[in-house]
Amino acid sequence: VIALTGGTNGWQHLIVNVLPRSGAQTLLLLVMTGAFTTITGVTTAWLVTMFDFPFRRLTSFALVLPLAIPSYLAAYAFGEFLDFAGPVQSGLRALFGYQTIRDYWFPDIRSLGGAVLVLGSVLYPYIYLSTRAAFGLQGRFAADAARTLGVGPLRLFLSVQLPMARPAIIIGLALVMMETLNDIGAVEYLGVHTLTFTIYETWLNRGNLAGATQIAACLVVIVAALIVIERRARRRQRFAAGKATAMHQRSARVPLSPARGWLATLLCALPFLSGFAIPVLVLGSYALKRLNGLADPKLLKALLHSLEVSLPVAVITLFGGFLLAYAQRERPSWPTRFAVRVGSLGYGIPGTVLAIGVLLPLAGLDNAVDGIMRSHLGISTGLLLSGTAFAIIYAHSVRFMTLAEGTVDAGFQKLSPHLDMASRTLGRTRLQTLVGVLLPNIRPAAITASLLVFIESLKELPATIMLRPFNFNTLSTMVYESASRSRVQDAALPALVIIAAGLVPVILVSHSLDGDA
């Protein structure tokens, strides 16, 4: 409503001076990051699934670890690692005798290419996980049939395995695109003005709310297109092989020669080094010098604020996601499917856009209640909702509802509907069946769902930084504030807390793969 009624004065300035640059950089960032993550994720998934080489089991696990690194933390670490005073350039100067930056050329990490490197290094696991699962489910029959026709490994990959995995690749790519659009901390630090950052800058720095909502409306169109692409890809999953090619019938991995085997090990190790090892080593080296900061009241307060937000979000989304998933199981009708799709839209909405959509109606409600109380009782209630952590909790619940629903629904999908029928024929009511049969069986999925949402809420930056009350810092905003003042060293301890918490669901996801990693 504000976008349509906010006037066009600022819009003229945005069209001429802002949108062409930010729109072009957003498009380039999406295309280049998508290409980087697709090549990395598909190649590594193919190698660890189809071939046997040194340290394959270790690398198959290590390739998932970058999921624990928020993109803004990776950007801060890469900035320090590749900076003039960092170890890479310092080593070059010591090795070749260079004295100043004028003596040699070195790529600037604070650029569009640097943003692609950073985002691609931590987002490729989305494609790696979905593609690896698809390769594992293809089984041996299609591959063996192709080999009997004289097809080599590369042609088998390009002509048979890759087309069969295409829906899974597109789903992972859509998630990468959505995360790229949502990012604000990394792109700001690296000097890339995307549409998401432009919304933040237009609203808070320029005070132009109407212009921010108009840019947000444009961004929602891009998100809608990505969601449509992902839905269409999921509809075409029948393109993959059926249950006859189950995982226990997968083809044996092809042993590689020593030279090719070590090359495969190197190719699988590079993404791990880039997306996990470098950020952890850089931030860890800074944290070791500031261990006395563990008792810092600001850090402890930020941790408590993070728990104050993330724990309620985990509970709310688990309850809502369970209701949606159970409704689909009990009443698989079009109203139920429609409700689930509406509930899952939040994950695709960038945090800056979501913050505008949440804050404005809450602020309007606060002002209305305050006006009524002033006129009737002479009491000012202030900001009851928009000035508290409630706004952050609400926004996070909207954004991560689909994560909880999808995980719980996956747990329900593993339970045969015959369980419900058998329970009902034994005289149990629907409620007794739910409590006594279904809930115990989906407990692992429910725990995983709440844990995933908890960690994602802990890492979320864009919505948190725009909705937080005054003097309300979480771990993510504390890291952001220190890094924005060029004090990455001070951000190391809270950053490592976020990474350590993020490792828990990542390890669970890795162990939940096909059991042979």
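An account of the accompanying structure is given in this report. As the structure is a computational prediction, the values presented were derived from the model and not from experiment.

How each quantity is defined
- Residues numbered from 1 in each chain as written.
- Predicted model: local features only at pLDDT ≥ 70, side-chain atom pairs only at ≥ 80, totals over all residues.
- Heavy atoms only, no water.
- Phe/Tyr/Trp six-rings, centres within 6.5 Å; stacked < 30°, edge-to-face > 60°.
- Helix = DSSP H or I, 4+ residues; strand = E, 2+ residues; numbered from the N terminus.
- Buried < 20%, exposed > 50% of the residue type's maximum accessible area, 1.4 Å probe, protein only.
- Contact = heavy atoms within 4.5 Å.
- Salt bridge = Lys/Arg side-chain N within 4 Å of Asp/Glu carboxyl O.

**Quick notes on the packing of aromatic side chains**
Applying the stated criterion across every chain yields a total of 12 aromatic pairs. Summarising the aromatic geometry, the rings of Y72 and Y76 are spaced 6.3 Å apart at their centres and angled 55 degrees between planes, so their arrangement reads as tilted. Here the residue Y72 and the residue Y76 both occupy positions in helix α4 (residues 71-81), the gap between them amounting to four residues, near one helical turn. Using a relative accessible area of 4% as the deciding quantity, one classes Y72 as buried.

**Observations concerning the side chain of T198**
Here T198 shows up in helix α11 (residues 195-205). A relative accessible area of 2% means that T198 is categorised as buried. Those residues in contact with T198, other than ones at most four positions away along the chain, are V18, S22, H193 and I215.

**Focus: helix α21 (residues 475-484)**
Here α21 lies mainly inside the structure; nine of its 10 residues are buried. Regarding α21, the residues found buried are L475, S476, T477, M478, V479, Y480, E481, S482 and A483. S486 lies just past α21 and shows a positive phi near 60 degrees.

**Focus: the pattern of salt bridges**
All chains considered together, the criterion is met by nine salt bridges. Measuring nitrogen to oxygen at the nearest pair gives 3.9 Å for the salt bridge that ties R110 to D83. Separated by 27 residues along the polypeptide, R110 in the loop between α5 (87-96) and α6 (112-138) and D83 in the loop between α4 and α5 bring together distant segments of the chain. Accessibility expressed as a relative area gives 33% for R110, which makes it partly exposed. One salt bridge connects D370 with R374, and the closest N-O pair in it is separated by 2.8 Å. Here D370 pairs with R374, and both are found in helix α16 (residues 351-377), just four residues apart, close to one helical turn. Via salt bridges that share partners, E179, R399 and E460 belong to a single interconnected network.

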